[in-house]
Amino acid sequence: MAGMALPEWATTLPGSRGDAAAWHQITSPVAVPLLRLAVSLCLAMSVMLFAEKVYMATVVLAARLLGRRPERRYRCEPIRDSDDDLEVGSAAYPMVLVQIPMYNEREVYQLSIGAACGLAWPADRIIVQVLDDSTDPVVKALVRAECERWASKGVDVRYEVRDGGRRGYKAGALREGMRRAYARGCDLVAIFDADFQPEPDFLRRAVPFLLHNPDLALVQARWKFVNADECLMTRMQEMSLDYHFTVEQEVGSSTYAFFGFNGTAGVWRISALNEAGGWKDRTTVEDMDLAVRASLKGWKFVFLGDLMVKNELPSTLKAYRYQQHRWSCGPANLFRKMLMEIVRNKKVTLWKKIHVIYNFFLVRKIIAHIVTFVFYCIVIPATVLVPEVEIPKWGSVYIPTIITLLNAVGTPRSVHLIVFWVLFENVMSLHRTKATFIGLLEAGRVNEWVVTEKLGDALRMKMPGKGSKKPCMRIGDRLHILELGVAAYLFFCGCYDVTFGNNHYYIFLFLQSIAFFVVGVGYVGTFVPYS
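Residues numbered from 1 in each chain as written. Predicted model: local features only at pLDDT ≥ 70, side-chain atom pairs only at ≥ 80, totals over all residues. Heavy atoms only, no water.

### Examining the confidence of the model for the protein
- Averaged over every residue, the pLDDT of the protein is 88; residues scoring 70 or more account for 88%.
- Segment residues 1–6: pLDDT under 50, and 12 contacts once partners within four positions in sequence are set aside and those in other chains are kept.
- Within the model, pLDDT remains below 50 along residues 9–17, and this stretch shows eight contacts once partners closer than five positions in the same chain are excluded. (pLDDT = per-residue confidence, 0-100. Contact = heavy atoms within 4.5 Å.)

Right, dumping it as structure tokens:
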């Protein structure tokens, strides 16, 4: 490191010789080696993520070209209606339990209950079970009244309230619901969150796969977002989730018949659910936990990309942050708990173990979050301050560009928003990375469960229009210190790069700084007025 050039500012400040010597002592033995190590690790993780994205894109393309649709890989003949065969009647239909877990969903409960009660299925072969964990007595009364209204029309609706509070949250509610005597007589269970609205033909399209393929445990439908155009934040969510369904779920289904259950809009074979050990509340991703355990028992899953269920995206920043914490912390914690169980399993092939451990957990649920924040928001800006450390263009430009373009294929209609999506995803990676480490280390908020708030059409219509006065927001609820701190760091690095740098990172640094600042002051998503 002898003879290393010093930053220009170090030679222009008062007392420059002493300051220059101090700078040299810090950067040479400490900052430079550490930053080079960080760059090497981040580049390695980037290559892993890049390889995973290219692999998934290749599988999806091959599946499309070869026509590997679920209908061609599995038997799925429609169930004969009773009108076609009077001797068979409704006995040809398996008994289905429809579970709707609810918690204070004041604005959306009517839609989900109504949609579930309107499913086209023989009345004597379906039970709609509403699991109400609401703490608001008004909501409880409304949900109970809605169930009674449908029961008066001849629908078999069971309104269930647990004793002893919300122990186990959603997993606890579903587990308690399965213990009911009438539930034990069912063959299949369909699960819908409170804001999900299945079409009447949902069961007729999903159930035949389970009926004709005894090795299938789960049929997962795709989500269709009714409020994707509400604001820019919901458009960004749509892009991320569309990629998840059209690529990640499709790849898992077509290659290893395994993917993570999304917790809703799916139909389970109850015998498979019970063999896997039923619902557990040891993490905040009880759906993924069940899916991994069922897969280790040898059960297969199928994803139906053309079977869509309408639902709502969280449109407030607060709700979205809580959701992303749970979706990032839970998988990391589950990976910690199940790693050795997966390694020791003898019922699945070695390649499937590698897929679950490496592709499903390590790359997608851990590395993807960490490298997005650490590399693009911490390490790359730091190299501006320490010019002795350089990042090759393939790592700072080419790989990120290709990954971004591959992510854009899920939502072609929003390709013009790709720059906003990149900036927003980098901001959210701050919380995802923090949540990932909390899950891996089982730190304080590892089991935090906050139900994702959905506004519903009723509340949305009450909200101020464009010409109305904007709702008043409390300053403390809108300021986010972490985002503002990162924004200041990126802005400083950008200014330094403009003044002393020569790699033109400042264009990205200033844009990313603005994105962190906008989120830091809470100016994103839908604003909800205080009552």
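### Observations concerning the sheet that holds strand S6 (residues 266–269)
- Spatial ordering of the open sheet is given by S3-S2-S1-S4-S6-S5-S7, a layout of seven strands whose pairing is mixed. In this open sheet, the two strands that pair with only one neighbour each are strand S3 (157–160) and strand S7 (300–311). Here the average twist between neighbouring strands, direction ignored, is 20 degrees.
- Where strand S2 (residues 126–132) lies against S3, four bridges are found, and the strand directions are parallel. Within the sheet, the bridge partner assigned to Gln129 lies in S3 and is Arg158. (Pairing = 2+ DSSP bridges. Helix = DSSP H or I, 4+ residues; strand = E, 2+ residues; numbered from the N terminus. Axes fitted to C-alpha atoms, helices over the stretch in contact; angles between N-to-C directions.)

### A closer look at the packing of aromatic side chains
- Within the structure shown, the criterion is met by 19 aromatic pairs.
- Relative to Trp268, the ring of Phe261 lies with its centre 5.7 Å away and its plane at 85 degrees, an arrangement referred to as edge-to-face. The pair formed by Phe261 and Trp268 is uniform in burial state, with each residue classed as buried.
- If you follow Arg158 out to its NZ or CZ, it ends over the ring of Tyr182, 4.3 Å from the centre. (Phe/Tyr/Trp six-rings, centres within 6.5 Å; stacked < 30°, edge-to-face > 60°. Buried < 20%, exposed > 50% of the residue type's maximum accessible area, 1.4 Å probe, protein only. Lys NZ or Arg CZ within 6 Å of the ring centre and 35° of its normal.)

### Some thoughts on the nonpolar core
- Formed by 145 residues in total, the largest nonpolar core has its most connected members in Val98, Ile113, Phe202, Leu203 and Trp268.
- A total of 18 residues in this core trace back to one element, the largest contributor, which is helix H13 (residues 350–385).
- Residues in contact with Leu203, not counting those within four places in the same chain, are Val96, Leu119, Trp121, Ile126, Ala190, Pro208 and Val267. (Core = buried A, V, L, I, M, F, W, Y, C linked by side-chain atoms within 4.5 Å.)

### Observations concerning the environment of Ile113
- When you line up the elements, Ile113 lands in helix H4 (residues 109–117).
- Taking the C-alpha atoms as reference points, Ile113 and Ala194, separated by 81 residues in sequence, lie 7.9 Å from one another.
- Non-local contacts of Ile113, meaning those with residues more than four positions away in its chain, are made with Ile100, Met102, Val130, Val143, Glu146, Cys147 and Trp150.

### As for helix H6 (residues 169–178)
- Most of H6 is tucked away, with eight of its 10 residues classed as buried.
- Of the positions making up H6, those classed as buried are Lys170, Ala171, Gly172, Ala173, Leu174, Arg175, Gly177 and Met178.
- Those residues of H6 that are buried lie in contact with strand S1 (96–102), S2, helix H7 (181–184), strand S4 (188–191), helix H10 (270–275) and helix H11 (286–296).

### Some points on the environment of Val267
- Mapped onto the elements, Val267 comes out in strand S6.
- Taking C-alpha positions, Val267 is 8.6 Å from Ala221, a pair spaced 46 residues apart along the chain.
- Ignoring anything within four residues of it in the chain, the contact list for Val267 reads Leu188, Val189, Ala190, Phe202, Leu203, Ala206, Leu210, Ala217, Leu218 and Val219.

### Some thoughts on the packing of H13 against helix H19 (residues 506–520)
- Where H13 contacts H19, the two axes come as close as 11 Å, and the packing angle between them is 130 degrees. With respect to their mutual orientation, H13 and H19 come out oblique. Helix-helix and strand crossings are classified by hand; for H13 and H19 the assignment is left-handed. Two secondary-structure elements touch here, H13 through Phe373, Tyr376, Cys377, Pro381 and Val384 and H19 through Phe508, Leu509, Gln512 and Phe516.
- Along the lines of polarity and charge, the residues of the contact of H13 with H19 split into eight nonpolar, one polar and no charged. (Parallel < 35°, antiparallel > 145°, perpendicular 65-115°, else oblique. Left-handed = near helix turned anticlockwise from the far one by under 90°. Nonpolar A, V, L, I, M, F, W, Y, C, P; charged D, E, K, R; others polar.)

### A look at the UniProt feature "transmembrane region" (unreviewed entry) in the protein
- Per the UniProt annotation, the sites labelled "transmembrane region" (unreviewed entry) are residues 37–63, 366–386, 398–424, 479–499 and 505–528.
- This span, residues 37–63, is 100% helix and 0% strand, and a straight line between its end C-alpha atoms measures 39 Å.
- Across residues 479–499, the secondary structure splits into 90% helix and 0% strand, with the terminal C-alpha atoms separated by 30 Å. (UniProt positions renumbered as here; feature names shortened; annotations may be inferred.)

### What to know about the pairing of S2
- Extensive coverage of S2 is indicated by the burial of seven of its seven residues.
- What you see with S2 is no split at all: Ile126, Val128, Val130 and Asp132 on one side and Ile127, Gln129 and Leu131 on the other are buried throughout.
- As paired elements, S1 and S2 share seven bridges and run parallel to each other. If you follow Leu97 over to S2, its bridge partner there is Ile127.
- The parallel pair S1 and S2 is bridged by H4, and the resulting crossover is right-handed.
- Each parallel crossover has a hand, and the one from S2 via helix H5 (residues 137–151) to S3 is right-handed. (Right-handed = clockwise from strand over helix to strand, strands pointing away.)

### Notes on the environment of Tyr496
- On the secondary structure map, Tyr496 appears in helix H18 (residues 481–500).
- Separated by 111 residues in the primary sequence, Tyr496 and Leu385 have C-alpha atoms spaced 7.2 Å apart.

### A short note on the packing of helix H15 (residues 418–441) against H19
- It is at 9 Å that the axes of H15 and H19 come closest, and there the two elements cross at 60 degrees. Here H15 lies oblique to H19, going by the angle between them. Helix-helix and strand crossings are classified by hand; for H15 and H19 the assignment is right-handed. Here Val422, Leu423, Asn426, Val427 and Leu430 of H15 come into contact with H19, specifically with Phe508, Leu511, Gln512, Ala515, Phe516 and Val519.
- Counted by class, the contact of H15 with H19 contains nine nonpolar, two polar and no charged residues.

### Structural notes on the side chain of Lys353
- By the element assignment, Lys353 lies in helix H13.
- Look at Lys353: it is buried, it has no salt bridge, and the nearest opposite charge is Glu341 at 11 Å.
- Separated by 3.0 Å, the side chain of Lys353 and the backbone oxygen of Val343 make a polar contact.
- Setting aside residues no more than four positions away along its own chain, Lys353 makes contact with Ile342, Val343, Arg344, Asn345 and Val348. (Lys, Arg positive; Asp, Glu negative; His and termini not counted. Salt bridge = Lys/Arg side-chain N within 4 Å of Asp/Glu carboxyl O. Polar contact = N/O pair within 3.5 Å; in protein donor to acceptor, adjacent residues only side chain to side chain.)

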